[in-house]
Amino acid sequence: TRPGTIYEAIGGFDTIDKIVTEFYKRVGNHPTLTPIFPDDLTWTAQKQSWFLTQFFGGPQLYNENRGHPMLRRRHLPFEITPERKDAWLECMDAALEEAEIEEPYRTAIFEKLTMTAHHMMNTP
Ligand code: HEM
């Protein structure tokens, strides 16, 4: 683990795992989001753990397992409206709270994810 990364500062693998678990618990119960997600979120959560690990400076697990992220392209099959973007971020905000991510990391993480979430919208 590279020192000085957000990944390292928040506690590495265990913390990413906690965030992802809490996040998909909420996604799986959010009426705005469930129509576009699979019923079984196990594989979705695995991919997201790989992605967030590398996004926050940890090992390049997503690239190793899935190749280049091309996240906007991978989201094109799903209708991502402004309402779904807000719902996604709401679930993430609650997950960061539940995982007790402290400042300044919490704000840094949320800002990075907010920018990416905006980029995923593909449906008015
Ligand atoms: C996959 C929805 C934003 C990262 C998916 C899938 C859906 C989805 C329906 C397919 C599930 C699956 O492949 O198992 C959304 C919605 C978003 C959003 C509604 C709202 C803006 C984001 C953001 C990120 C992200 C901001 C990254 C920070 C991923 C990753 C995958 C994924 C890594 C798996 C891609 C793969 O198949 O390798 N998302 N997403 N998503 N999403 Fe999102």
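Residues numbered from 1 in each chain as written. Predicted model: local features only at pLDDT ≥ 70, side-chain atom pairs only at ≥ 80, totals over all residues.

Peer 1: Give me the lowdown on the site of the ligand, citing residues and values where you can.
Peer 2: In the region of the ligand, 22 residues are neighbours, and Thr44, Lys47, Phe51, Trp88 and Ala117 sit closest. If you list the elements that add at least two residues to the shell around the ligand, you get α3 (42–55), α5 (71–75), α6 (82–98) and α7 (105–120). For the shell around the ligand, the leading source of residues is α3, giving five residues. When grouped by side-chain class, the residues that make up the shell around the ligand number 13 nonpolar, four polar and five charged. (Near = placed C-beta within 6 Å. Helix = DSSP H or I, 4+ residues; strand = E, 2+ residues; numbered from the N terminus. Nonpolar A, V, L, I, M, F, W, Y, C, P; charged D, E, K, R; others polar.)

Peer 1: Account for the nonpolar core, with residues named and values stated.
Peer 2: If you look at soluble globular proteins, the nonpolar side chains tend to sit buried side by side. Within the largest apolar cluster, 19 residues are counted, with the highest numbers of intra-cluster contacts made by Ile19, Phe23, Leu52, Cys91, Met92, Ala95 and Leu96. Ignoring any residue separated from it by four or fewer positions in sequence, one finds leucine 96 in contact with Ile19, Ile101, Arg106, Ile109 and Phe110. (Core = buried A, V, L, I, M, F, W, Y, C linked by C-beta atoms within 7 Å. Buried ≥ 20, exposed ≤ 12 C-beta atoms within 10 Å, placed from the backbone. Contact = placed C-beta atoms within 7 Å.)

Peer 1: An account of unusual backbone geometry is requested, with residue identities and associated values reported.
Peer 2: The step from glutamate 103 to proline 104 runs through a cis peptide bond, and the omega angle for that step is 5 degrees. Relative to the elements of secondary structure, proline 104 occurs in the loop between α6 and α7. Here methionine 70, not a glycine, exhibits a phi torsion of approximately 40 degrees, which is positive. Along the chain, methionine 70 turns up in the loop between α4 (61–66) and α5. Non-glycine residue glutamate 100 carries a positive phi angle of around 55 degrees. Classification of glutamate 100 by C-beta neighbours within 10 Å gives exposed; the count is 11.

Peer 1: Can you tell me about the packing of helix α2 (residues 12–27) against α3, naming the residues and giving the values?
Peer 2: Look at α2 against α3: their axes get within 10 Å of each other, and the N-to-C directions meet at 135 degrees. Relative to α3, the element α2 lies oblique. Of the two elements, α2 crosses α3, and the hand of that crossing is right-handed. Residues Ile16, Asp17, Ile19, Val20 and Tyr24 of α2 form the contact with α3, whose own contacting residues are Thr44, Ala45, Gln48, Ser49, Leu52 and Thr53. Looking at side-chain class alone, the contact of α2 with α3 contains six nonpolar, four polar and one charged residues. (Axes fitted to C-alpha atoms, helices over the stretch in contact; angles between N-to-C directions. Parallel < 35°, antiparallel > 145°, perpendicular 65-115°, else oblique. Left-handed = near helix turned anticlockwise from the far one by under 90°.)

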